[in-house]
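# Fold and contact review
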4 protein chains.
Amino acid sequence: MKRNLEPGWASVPMRWVGPIRIVGTEVDDQVMVPLATFEAPLWPSVARGARVSTLCGGIRAVVVDERMTRSVILEAPDAPCALGVAQAARSRFAELAAAAQRTSRYAELIDIHTQIAGNLLFVRFEYRTGDAAGHNMTTAASQAAMEWLLQEYPALCYVSISGNYCTDKKASAVNGILGRGRNVVTEITVTRAVCRRLLKTTPERLVELHVRKNLIGTMLAGGLRTANAHYANMLLAFYLATGQDGANVVEGAQGFVHAECRGDALYFSATVPHVIVGTVGPGKTLEFARRNLEMMGCTATREPGRNARRLAVIAAATVLCGELSLLAAQTNPGELMQAHLKLERP
Amino acid sequence: MKRNLEPGWASVPMRWVGPIRIVGTEVDDQVMVPLATFEAPLWPSVARGARVSTLCGGIRAVVVDERMTRSVILEAPDAPCALGVAQAARSRFAELAAAAQRTSRYAELIDIHTQIAGNLLFVRFEYRTGDAAGHNMTTAASQAAMEWLLQEYPALCYVSISGNYCTDKKASAVNGILGRGRNVVTEITVTRAVCRRLLKTTPERLVELHVRKNLIGTMLAGGLRTANAHYANMLLAFYLATGQDGANVVEGAQGFVHAECRGDALYFSATVPHVIVGTVGPGKTLEFARRNLEMMGCTATREPGRNARRLAVIAAATVLCGELSLLAAQTNPGELMQAHLKLERP
Amino acid sequence: MKRNLEPGWASVPMRWVGPIRIVGTEVDDQVMVPLATFEAPLWPSVARGARVSTLCGGIRAVVVDERMTRSVILEAPDAPCALGVAQAARSRFAELAAAAQRTSRYAELIDIHTQIAGNLLFVRFEYRTGDAAGHNMTTAASQAAMEWLLQEYPALCYVSISGNYCTDKKASAVNGILGRGRNVVTEITVTRAVCRRLLKTTPERLVELHVRKNLIGTMLAGGLRTANAHYANMLLAFYLATGQDGANVVEGAQGFVHAECRGDALYFSATVPHVIVGTVGPGKTLEFARRNLEMMGCTATREPGRNARRLAVIAAATVLCGELSLLAAQTNPGELMQAHLKLERP
Amino acid sequence: MKRNLEPGWASVPMRWVGPIRIVGTEVDDQVMVPLATFEAPLWPSVARGARVSTLCGGIRAVVVDERMTRSVILEAPDAPCALGVAQAARSRFAELAAAAQRTSRYAELIDIHTQIAGNLLFVRFEYRTGDAAGHNMTTAASQAAMEWLLQEYPALCYVSISGNYCTDKKASAVNGILGRGRNVVTEITVTRAVCRRLLKTTPERLVELHVRKNLIGTMLAGGLRTANAHYANMLLAFYLATGQDGANVVEGAQGFVHAECRGDALYFSATVPHVIVGTVGPGKTLEFARRNLEMMGCTATREPGRNARRLAVIAAATVLCGELSLLAAQTNPGELMQAHLKLERP
């Protein structure tokens, strides 16, 4: 019995799907993608979307924003003092950035945002973090930035190195509005013929379903900055297969499909605002992860951030494939259930 | 190269922490808990909370609710018709339940809720699902229930087997208000001495931090039904180690710490409304998962739901341990960073 | 100077618009509607929607739900005790209802919902309140119900007569999911010809705008259970003109437009889940309010709730008129601005 | 009968309460405040808070931010094009601002924010608007800015002059995170003696109630950026009495109380992030409104924005008075109900 308590491994089944055809300045390639999941139907679902990508000219992908964040809480004696420090932090941004950046040659403070509630001051530090997802790097840098503030403004007191205005692995609006992780927009134009043949649906039915389910249904549910069917499934499988912290799917699950009929075709896009991945850091040195990153060409360059950006684009394209496929399936009564039955009980 | 594309495993490092002392009608035991994660600092953090549990009389745990859900969308010709069907579904609940339950001997329809937006009718079916997490079981049952509605009310048209009013793996309010998964409340009373010695803090400082960070900070961030520091971390590690679908951390991340000073001690509770686990189903048959479930005594009984309920309680108690420990660390400037440095760069 | 501090009146300009044609079981009539506002463009905007209603067979309206709510907070020694009381409150519902209803012959307790956070128990009482909006009636009834609970379960302590799980005049999801106020769905089918002639637009353009603005735009903004352009404007003007508490527009602003092309026409619906109005109570006895209620036929019957229900339906139909008109205007670049210029600077 | 359809007035009862003692750089004065409401208990409730302000050294108030916003939607052929324009709008900010400001000598474009969903580009324009609340001024300016964008980037198409990312009179997170209206933080330190004598409570009980009701209760309700009891009541009464558009209480209802025990006293703050008021514009020219603005000294200066800023500070201080008073009442079982009974049924 005792032996069982020794360290071990939770081994999640992994398969390669694809290739996914991606076009754009960041990635212009056909990429096989590893997905690790206990839910077998995910593989053929994403694979179907990937097949669409190769038949319809590829998934266009663009990185709209990238930053990793950490917020601290400081206590001022009163609100005017809190406001004074908030203003000073902005006007002395260069000094603050210098203090933060002393902790790492990769962390670069690019912006700050503040909130004041009574005498409490929340400062959200926003960084470039190279090829790291950046959680630890931004904590270290924010610790240093905070210490600088406490030293320069001795009326302040420390409250917390993390003030939930960051916000890490929690449903929020702040991450979507101010940015957290890489914000990748992916899109594809699917011909009516491919809709019919591969997706067993029409552009009209898919758009209608998306509006009623992803937009209206989510709003009725009290959803927050979310209009998708199952971003979380693709992201978790991708994260596990590449040594990422899978809990980042909490933010990852927030994002927006936008679909419209264009002429005779389907315009389908998946905006994935919170792809939180790195090619270095904990998990990435494990054999399977390192190999998977290599296979996708995400260890090739030495330009900081370039590898992680490529990885983020591939993750987002994978999300599009899975979204497109599941939504198509749900336009047909019974199809989703049949897929599960077929795949899970061989 | 080709060889690398064969199926494989994403192996996540797993360690046992504990024992955690749990008291209550569902679990009254000391339990070792397996956690699989790429983030090494999680283990000692949860272990510290576990140590507190053994010194302070254990973590009291109670299951407040349990249900798994699926919503469908139906289209009526107009709103009065949609309302008529919504009312009929309630008044003919027994027939509807019978239709749903024909699909599985474990699925039991216990309630329905409806929303009407214009002529669209959303029906949220809520089930007991025995020892399964229940995603597939509820899809099958809801498919049958929906077909019954479509047959009885031919004015309706099918829109979707899943209407995002369920809602699966997306940030929402509906899950917390109507219930999804097992809602477990855990609580402990920590003496001042244990606060000081193990947690390096005081009841007062921990309560103050919780209010400012978990409550005010999250609200400032536009958080939704969330007042915690990092539920997602513990839940993902627990889910992976027990063969669960880790993407359920999206809902799992929503939940509430409540902490207060009581006399000279700290009252600390973690309400975890969305523990979504099963002891049967995909993932649970893998060797490591089966063994881990056994080790925690979660395969012992044949009473449907009892094993999964035990597992849910252990998961929630694990969440409390990790929350308590991290919050304590954040009351001290610098402690969080030092822990990361020590643990990740040996 | 001193004289100026005497009580007086804030007089809001009021005009009649309409008639609005409404069809349904609750209201089947043409109704002139009084709107009090400082924003002059609102009158012609609603009037245009009203004109559409008379040309296109009327606005169908149905009351989906009606209830007024108040939540209390009770403190239990621990979570198991809180759960015990929550369960008892449901199993002893008849006694609880009897205690609540002793306070008024109009208040009828129809349901309760509970939430537990640690050792705190929130009980949301839900009532029929006859022709009153019901804020005070439900407070009195909930006070009595709470006192009964405190007496029957002496382990509990009082925390608050209002626990914000009600929730009154605050943005939330609970009101939409569990109900608060009268939930009225209104809908109309507008021919292409009327779209073109009166609304200067087409069904396609209006639907497209609605999806992009009300659904996607609101989601991007971190909106909560909201998919409309300006419900609040119509509701406030209607509330002020009929002696209602205008602060109820906070909940009123949450609601859903759903619009689709149907054949050659536009299907347009406004679901208004939180119409909070009464025909009796503070404000309604003022001369102008009493007369306005009479003019709309909302003082005619003695069947409790019937007058207020009629008033709620008229309010919701007014909302539809204003929504339809503004959305139509925004499909045309420049039209909104020109309307403001023409109307506000004569 | 016909005569009744002529224009008239909805006259809301108005009383003066106070004086409220305010200290700070913007307002350092004792101010009588007019409140128009159908709910009589509001007056003595605010008056009690005002009395506290005079006994405890006044309410400190500071304006943290001020801006009025309007967002537009533009359609690009694809996401890369949308991103290109978003980047260009920032890099050519001076030209964009010049285009916007051509429409008014008071509108000053101070910042923009963008969101991209697929091929849709949302641009949120943020302005100083002098002494006007600024709704119409920002619409005109944004129309001009949008036209400039459409002219410079002809690949874009017009979608909407208002994209709900503004967002006007709807519950959202964007307004709180990026700012909309004047963000005023007010705070006061109340001695234990005044707590006991005037508020019939203690610092400890009030803080405890605030945490449980405003923070936990609101979170349980799925509240969004809200931690208060009834901001909306005070704001609506203040808005109506000063000729403001009362529907702005929708945003106004979002805001944060923060209360703590400090030594033997109560620190109580009301952060009111969305005070949306003007001293010029529709409503403000009516006799009663003009006089009330004068009485509060809000028509005195010619420095643009100064009068409105003063008005905003007074509004926020009024909010604090009403919040403090109601929360104090709710610490005592029965007090709220007795107040209503006494005041409404004379």
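Thresholds, definitions, all that
- Residues numbered from 1 in each chain as written.
- Chains lettered and ligands numbered in written order.
- Predicted model: local features only at pLDDT ≥ 70, side-chain atom pairs only at ≥ 80, totals over all residues.
- Heavy atoms only, no water.
- Helix = DSSP H or I, 4+ residues; strand = E, 2+ residues; numbered from the N terminus.
- Buried < 20%, exposed > 50% of the residue type's maximum accessible area, 1.4 Å probe, protein only.
- Contact = heavy atoms within 4.5 Å.
- Areas by Shrake-Rupley, 256 points an atom, 1.4 Å probe, with all protein chains shown as cover.
- Lys, Arg positive; Asp, Glu negative; His and termini not counted.
- Charge placed at Lys NZ, Arg CZ, Asp CG, Glu CD.
- Arc of directions from axis to C-beta.
- Least-squares fit on C-alpha atoms with pLDDT ≥ 70 in both.
- Buried area = accessible area lost by both parts, 1.4 Å probe.
- Salt bridge = Lys/Arg side-chain N within 4 Å of Asp/Glu carboxyl O.
- Polar contact = N/O pair within 3.5 Å; in protein donor to acceptor, adjacent residues only side chain to side chain.
- Domains from an automatic or database assignment.
- Phe/Tyr/Trp six-rings, centres within 6.5 Å; stacked < 30°, edge-to-face > 60°.
- Lys NZ or Arg CZ within 6 Å of the ring centre and 35° of its normal.
- pLDDT = per-residue confidence, 0-100.
- Disulfide = S-S within 2.5 Å.
- Pairing = 2+ DSSP bridges.

All right, on to the overall build of chain A then. Scanning chain A for helices and strands turns up twelve helices and nine strands. Residue burial in chain A is summarised as follows: out of 346 residues, 73% are buried. Here the analysis covers contacts within chain A between residues at least 6 apart in sequence; of these, 74% occur between residues at least 24 apart. Surface exposure of chain A reaches about 10,200 Å², of which carbon and sulfur atoms provide 51%. Here chain A carries 37 positive and 30 negative side-chain charges, and the mean point of each set is 7 Å from the other.

To continue, consider helix 3 (residues 93-101) of chain C. Residues and elements named next belong to chain C. Listed in full, the buried residues belonging to helix 3 are Leu-96, Ala-97, Ala-99 and Ala-100. Buried residues of helix 3, viewed axially, fall in a sector of 160°; they line one side. Close packing links the buried residues of helix 3 with helix 2 (79-91), strand 4 (108-117), strand 5 (120-128) and helix 4 (135-152).

Note: a rotation about an axis with an accompanying shift along it relates these two copies of the chain. Overlay of chain C on chain D (RMSD 0.0 Å): rotation 180°, translation along the axis 0.0 Å. Put plainly, the chains are arranged around a two-fold axis. Most of the interface of chain C is mirrored in chain D: 100% of its interface residues are interface residues there too.

The interface of chain C with chain D comprises 87 residues on the first partner and 87 residues on the second. Summing both partners gives a buried area of about 7,300 Å² for chain C against chain D, and 65% of it is carried by carbon and sulfur. Of all residues in chain C, Phe-38, Arg-212 and Leu-220 of chain C bury the most surface against chain D, accounting for 9% of the area lost on that side. Here chain C is connected to chain D by two salt bridges. Its salt-bridge partner being Glu-75 of chain D, residue Arg-212 of chain C comes within 3.1 Å of it at the nearest N-O pair. Put simply, chain C and chain D have 31 residue pairs in polar contact (both at pLDDT 80 or more) between them. Of the residues forming the side of chain C that touches chain D, the biggest block, nine residues, is contributed by strand 1 (residues 8-23) of chain C.

Relative to the assigned elements, Met-32 of chain C resides in strand 2 (residues 29-36). Assessed through its relative accessible area of 24%, Met-32 of chain C is described here as partly exposed. Residues Met-32 of chain C and Ile-314 of chain C lie 282 residues apart in sequence; the distance between their C-alpha atoms is 9.4 Å. Apart from the residues within four sequence positions on either side, Met-32 of chain C is in contact with Trp-16, Val-17, Gly-18, Pro-19 and Met-296 of chain C together with Leu-5 of chain D.

Turning next to unusual backbone geometry. Going from Cys-166 of chain A to Thr-167 of chain A, the amide bond is cis rather than trans, its omega being -15°. With respect to the helices and strands, the residue Thr-167 of chain A is situated in the loop between strand 6 (157-160) and helix 5 (174-178). Phi at Lys-169 of chain A takes a positive value of approximately 60°, unusual for a residue other than glycine. By secondary structure assignment, the location of Lys-169 of chain A is in the loop between strand 6 and helix 5. Of note, the phi angle at Arg-225 of chain B is positive, near 45°, even though the residue is not glycine. Turning to its location among the elements, Arg-225 of chain B is positioned in the loop between helix 7 (203-220) and helix 8 (231-241).

We now examine the domain arrangement of chain A. Residues and elements named next belong to chain A. Here chain A is described as being made up of domain 1 (14-65 + 181-334) and domain 2 (68-173). Taken over C-alpha atoms, the centre of domain 1 sits 32 Å from the centre of domain 2. Counting the surface lost from both domain 1 and domain 2, the interface buries some 1,300 Å², and carbon and sulfur atoms represent 53% of this. Summed over the three residues of domain 1 that lose the most area to domain 2, namely Leu-224, Val-250 and Glu-251, the buried surface amounts to 25% of that side. Run the count over domain 1 and domain 2 and you get one salt bridge. A salt bridge links Lys-169 to Asp-245; its shortest N-O distance comes to 2.6 Å. Taken together, the links from domain 1 to domain 2 amount to ten residue pairs in polar contact (both at pLDDT 80 or more). Residue assignment for the side of domain 1 that touches domain 2 shows that the elements contributing at least two residues are strand 7 (181-190), helix 9 (249-252) and helix 11 (306-330).

Facing the 33 residues of chain B at the interface are 33 residues of chain C. Of the roughly 2,400 Å² buried between chain B and chain C on both sides combined, carbon and sulfur atoms contribute 60%. Where chain B packs against chain C, one counts zero salt bridges. Between the two partners, chain B and chain C, sit ten residue pairs in polar contact (both at pLDDT 80 or more). Secondary structure elements with two or more residues in the side of chain B that touches chain C: strand 3 (59-75), helix 2 (79-91), strand 4 (108-117), helix 5 (174-178), strand 7 (181-190), strand 8 (256-262) and strand 9 (265-275) of chain B. In terms of residue count, the dominant contributor to the side of chain B that touches chain C is strand 3 of chain B (five residues).

In this structure the tally under the stated criterion is four aromatic pairs over all chains. Relative to Phe-288 of chain B, the ring of Phe-38 of chain A has its centre 6.4 Å away and its plane inclined at 35°; by these criteria the two rings are tilted. Of this pair, Phe-38 of chain A sits in the loop between strand 2 (29-36) and helix 1 (42-55) while Phe-288 of chain B sits in helix 10 (residues 287-295), each in a different chain. Positioned over the ring face of Tyr-267 of chain A is Arg-262 of chain A, at 4.1 Å from the centre of the ring.

Our next topic: the confidence of the model for chain A. For residues with low pLDDT, the predicted coordinates do not support detailed interpretation. Averaged over all residues, the pLDDT of chain A equals 96, while 97% of them reach at least 70. Here the predicted complex scores 0.97 on pTM and 0.97 on ipTM.

Time to look at the relation of the copies chain B and chain C. Its rotation angle being 180°, the transformation that places chain B on chain C also includes 0.0 Å of axial translation and leaves an RMSD of 0.0 Å. Taken together, the interface assignments show that 100% of the residues at the interface of chain B recur at the interface of chain C, consistent with an identical surface on both copies.

We now examine the side chain of Asp-168 of chain C. Residue placement: Asp-168 of chain C occurs in the loop between strand 6 (157-160) and helix 5 (174-178). At 3.3 Å, the side chain of Asp-168 of chain C and the side chain of Arg-180 of chain C are in polar contact. Dropping the residues within four chain positions of it, Asp-168 of chain C is found in contact with His-135, Arg-180, Asn-248 and Glu-251 of chain C together with Ala-229 of chain D.

All names here are of chain A. As for its position among the elements, Leu-324 is in helix 11. You can call Leu-324 buried: its relative accessible area is 0%. Spatially, the C-alpha atoms of Leu-324 and Gly-49 are 6.2 Å apart, while their sequence positions differ by 275 residues. When near neighbours in sequence (up to four residues on either side) are disregarded, Leu-324 contacts Val-52, Val-190, Leu-199, Leu-206, Leu-266 and Phe-268.

Here we come to the state of the cysteines. Simply put, disulfide is the name for a covalent bond between the sulfur atoms of two cysteines. All told, the structure shown has zero disulfides over all chains when counted by the stated rule. In this structure Cys-56 of chain A is not part of a disulfide, and its nearest cysteine sulfur, from Cys-195 of chain A, lies 7.5 Å away. Overall, the relative accessible area of 14% leaves Cys-56 of chain A in the buried class. The closest cysteine sulfur to the non-disulfide-bonded Cys-81 of chain D is located on Cys-157 of chain D, 9.8 Å from its own sulfur.

All names here are of chain D. In terms of burial, strand 5 (residues 120-128) is a largely internal element, eight of the nine residues being buried. Where strand 3 (residues 59-75) lies against strand 5, eight bridges are found, and the strand directions are antiparallel. Counted as the bridge partner of Ser-71 is Arg-124 from strand 5. Both strand 4 (residues 108-117) and strand 5 contribute to a ladder of nine bridges, which runs antiparallel. Considered in strand 5, the bridge of Ala-117 is made with Leu-120. Joining the antiparallel neighbours strand 4 and strand 5 is a turn of two residues, in which Gly-118 adopts a positive phi near 60°.

So, on to the environment of Met-146 of chain A. Residues and elements named next belong to chain A. Looking at where Met-146 falls in the secondary structure, it is placed in helix 4 (residues 135-152). As for Met-146 and Phe-125, which are separated by 21 residues in sequence, their C-alpha atoms are 9.7 Å apart. Contact partners of Met-146, with chain neighbours within four places excluded, come to Val-72, Leu-74, Tyr-158, Ser-160 and Ile-161.

Regular strands show a simple pattern: their side chains alternate between the two faces of the sheet. Counting buried residues along strand 8 of chain B, five of its seven residues qualify, which places the element largely inside the surrounding structure. Linking strand 8 of chain B to strand 9 of chain B, which pair antiparallel, is a turn of two residues; within it Gly-263 of chain B sits at a positive phi near 60°.

We now examine the side chain of Asn-233 of chain A. Tracing the backbone through its elements, the reader meets Asn-233 of chain A in helix 8 (residues 231-241). When its relative accessible area of 16% is taken as the criterion, Asn-233 of chain A is described as buried. Apart from residues lying up to four places away in sequence, Asn-233 of chain A is in contact with Leu-42 of chain A together with Lys-169, Asp-245 and Ala-247 of chain B.

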